[in-house]
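# Remarks on the overall topology
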Amino acid sequence: MAASEARDVPTELIIVGGGPAGCAAALMAASVGMRSVLVEADALCAKLQHIGAINNVVGGHSSGPELAAAIAKDLARTELCEIQLGVRAVQVQAYDDHVAVLLDGGSRLVAPYAVVATGVGPLGSGDVPWLTVPDGLLLPTLWGAKVPDDHHGPLLVIGADRPLGTFLRVHPALDLPVLVAYPPEDEYKVDEVRHDPRVTLNPIASLSVRAGANAQISAEWTDREGRQSTQSLAAAYLNLGSAPVPPAGAIVTDATGYCPPDHQHPRIMTAGDLRSSRFQRIMTAIGSGTEAALRAYYDLRGVPSP
Ligand SMILES: Cc1cc2nc3c(=O)[nH]c(=O)nc-3n(C[C@H](O)[C@H](O)[C@H](O)COP(=O)(O)OP(=O)(O)OC[C@H]3O[C@@H](n4cnc5c(N)ncnc54)[C@H](O)[C@@H]3O)c2cc1C
């Protein structure tokens, strides 16, 4: 379709979030002739830029940045998706005959349907009851971490969420002990890393971290048998997991804060990591974004559900 023809097609879908789910929704919508506007607060597939090693995506992509570049190239080929980068959706509203999305610059987008795929964000030190970090000590999150060359001595990773496995794969030459302090609820996550010789698993009940002497970090913990220990470490990284980040307004959350598709207004489709803590993978995000766009397409064209 030529650019001028594409402009004549009305916008039928607003896509909030330009990760793998939102981009897949935009591509599928374009493939069935639907014009969409995609708003992304950061860059397309920004999260993938932090994933140095991928081992579960079909099609031969083994690095996040490479996959992000391929997805952006696919989207650039269609005239039917207008992409607005650096734009945050602050509110999504749903009505009988349309949805409206309010953007942080004050403008408002209107269309018959919206796909909301804003994903999850990392939990902070104040979000878990078993961790104490004093005000003013800002610990970096592991999933965006660049480990400085000048670390001498062990690293502390707080929590055993999946970015730990990625971190270890991305830093094969890192020759430092990695002490992983994790709560009972992370027990099932440690299998992926327990055989890495750099890792010492430290199942804890509670942990307190403060700045120590010589730019070190001092950690004091109580293990699951009630024994207390302290250790000085070169640095500490938060790896506590994540929480969904839906925009305000009409998006319905469940008891866990996630936004299942079947809880939403009929004109709003949620997709990707935002749906559930259970299916947070690139391929499931792509699949659900694709499905969301097709649902909007069939509804718009009046094709009844089988
Ligand atoms: C360290 C790490 C390693 C991982 N490794 C793997 C792996 O090896 N294999 C795998 O399958 N998965 C992996 N994942 C998970 C994978 O990255 C996610 O499942 C996938 O990115 C989910 O895609 P999504 O589109 O749902 O969400 P996201 O990729 O999080 O995209 C959501 C987008 O929405 C944007 N956004 C948020 N709020 C707003 C708003 N209000 N307005 C506009 N835009 C907004 C964000 O900027 C973001 O770009 C990893 C994740 C991490 C953190």
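Residues numbered from 1 in each chain as written. Predicted model: local features only at pLDDT ≥ 70, side-chain atom pairs only at ≥ 80, totals over all residues.

The domain boundaries assigned to the chain delineate domain 1 (3-122 + 242-300) and domain 2 (125-238). A separation of 33 Å is found between the C-alpha centroids of domain 1 and domain 2. Facing 5 residues of domain 1, the contacting portion of domain 2 comprises 6 residues. (Domains from an automatic or database assignment. Contact = placed C-beta atoms within 7 Å.)

Moving on: the site of the ligand. Neighbouring residues of the ligand: 35 residues in total, closest Gly-17, Gly-19, Ala-21, Gly-119 and Gly-272. Elements with a minimum of two residues in the shell around the ligand: helix 2 (20-31), strand 2 (35-40), helix 4 (163-170) and helix 5 (282-300). A per-class count over the shell around the ligand returns 18 nonpolar, 11 polar and 6 charged. Two domains each donate at least three residues to the shell around the ligand, and these are domain 1 (3-122 + 242-300) and domain 2 (125-238). (Near = placed C-beta within 6 Å. Helix = DSSP H or I, 4+ residues; strand = E, 2+ residues; numbered from the N terminus. Nonpolar A, V, L, I, M, F, W, Y, C, P; charged D, E, K, R; others polar.)

The next subject is the packing of helix 2 against helix 5. The N-to-C vectors of helix 2 and helix 5 enclose an angle of 40 degrees; their axes lie 7 Å apart at closest approach. When the axes of helix 2 and helix 5 are compared, the pair comes out oblique. Viewed along their axes, helix 2 and helix 5 form a crossing whose handedness is right-handed. Note on element contacts: helix 5 touches helix 2 through Ile-282, Ala-285, Ile-286, Ser-288, Gly-289, Thr-290, Ala-292, Ala-293, Leu-294 and Tyr-297, opposite Pro-20, Ala-21, Gly-22, Ala-24, Ala-25, Met-28 and Ala-29. For the contact of helix 2 with helix 5, the per-class residue count stands at 13 nonpolar, 4 polar and no charged. (Axes fitted to C-alpha atoms, helices over the stretch in contact; angles between N-to-C directions. Parallel < 35°, antiparallel > 145°, perpendicular 65-115°, else oblique. Left-handed = near helix turned anticlockwise from the far one by under 90°.)

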